[in-house]
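Architecture and fold: a report
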Amino acid sequence: MTQQADWDIVTDVGITALAVAAARAIESHRANPLVSDPYAELFVAAARPQPPMPTRPADAPDPWQDMGDYLGVRSRFFDEYFAAGATRQAVLLAAGLDVRGYRLDWPAGTVVYELDVPKVLQFKQNVLADNGVASRTEVRNVDVDLRDDWPTALQRAGFDRTAPTSWLAEGLLPFLPNDAVERLFTLVDELSAPGSRFAVEHIDIDVSDLANQQPMADMAKDFGFDITDMWPNDKTFAPVQWLADHGWRVTSTPVLAAAEGYGRPLRPSAAGLRHTVLITATKG
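Residues numbered from 1 in each chain as written. Predicted model: local features only at pLDDT ≥ 70, side-chain atom pairs only at ≥ 80, totals over all residues. Heavy atoms only, no water.

**Describing the overall build of the protein chain**
So the rule is basically this: Numbering of helices and strands runs from the N terminus, with a helix taken as a DSSP run of H or I at least four residues long and a strand as a DSSP run of E at least two residues long. When accessible area is computed with a 1.4 Å probe and restricted to protein chains, residues below 20% of their type maximum are described as buried, those above 50% as exposed, and intermediate ones as partly exposed. Contacts between residues were defined by any pair of non-hydrogen atoms, one from each residue, lying within 4.5 Å. Only the protein chains shown count as cover for residues, and all accessible areas are computed by the Shrake-Rupley method using a 1.4 Å probe.
Along its length, the protein chain carries eleven helices and seven strands. Expressed as a percentage of its 284 residues, the buried residues of the protein chain come to 54%. Within the protein chain, contacts between residues at least 6 apart in sequence are counted, and of these 77% link residues at least 24 apart. A total accessible area of about 12,100 Å² is found for the protein chain, and carbon and sulfur atoms account for 49% of it.

Structure, rendered in structure tokens:
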């Protein structure tokens, strides 16, 4: 077992989860939002990051506007992925501060498993409880570092590997080296019954190009955390090909095409975020 990375919400990777929540709050407050997340702003307010993160469009400089655009498109795409599925269990790998079990409508009897490190999940649960937020379906927290034996922890929480599952890897793959991504895909494949679905965010950009993108550079300057320190070099894993080779039917959608389809084209200033492919696949 590896040493568990149990960062809190204002340090290390936790600050990226908080930044994503801030960007989702910006999108939610726009006149015609692509996604409605009434809880994202609560997380930012509770964490009180220094310096403060914007949560309203009027307060957001251009890099945060770009993040709001991108997170709006990404969240909308994966929200629609879950809405289109008919499985009765969903697994959010590295769930972060998204609250799909609380903000989406689910078929009766659906169980949503949220996997992440304990302090992130505990912070999320505390904020939701303090604000009287109830889930719209059964949500089961699985406190685990994904570098450890997460399949065992998931099954101990009640996961049924004989039933079709809707999986999501959002905001996760960029931080994993090739061997870790392949291990993750292998485990998802082994745990997936026929009819299971898998949605993946794949960002195809070199870490040297990412370092100059905003708000990544701002985060390094303001919070002392450089996201590129956790972004492996020489990432060559090809998720579309891997899934196809292992019997999954795959659809790959460039984020630029998704954004155009939603009437929210990404601006040229969002250069690093434009190198994204949103993947959905069905097994068997």
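**Points about the environment of Leu-128**
Here Leu-128 is to be found in helix 5 (residues 118-130). Sequence spacing of Leu-128 and Leu-42 is 86 residues, and the spatial spacing of their C-alpha atoms is 8.3 Å. When residues no more than four places from it in sequence are discounted, the contact partners of Leu-128 are Tyr-39, Phe-43, Val-99, Tyr-102 and Val-133.

**Notes on unusual backbone geometry**
Trans peptide bonds make up most of the peptide bonds, and negative phi angles are found at most residues other than glycine. Cis peptide bonds are those with omega within 30 degrees of zero, and the linkage from Gln-50 to Pro-51 qualifies with 0°. By secondary structure assignment, the location of Pro-51 is in the loop between helix 2 (40-47) and helix 3 (62-84). Of note, the phi angle at Arg-48 is positive, near 50°, even though the residue is not glycine. Here Arg-48 lies in the loop between helix 2 and helix 3. Positioned with a positive phi, Ala-94 is a non-glycine residue whose angle comes to about 55°. Residue classification places Ala-94 among the partly exposed residues on the basis of a relative accessible area of 23%.

**What about the confidence of the model for the protein chain?**
Operational definition: Each residue carries a pLDDT value, the predictor's own confidence for that position, ranging from 0 to 100.
When pLDDT is averaged along the protein chain, the result is 88, and 85% of the positions lie at 70 or above. Confidence drops under pLDDT 50 across residues 1-7; counting only partners more than four residues distant or on other chains, this segment forms 22 contacts.

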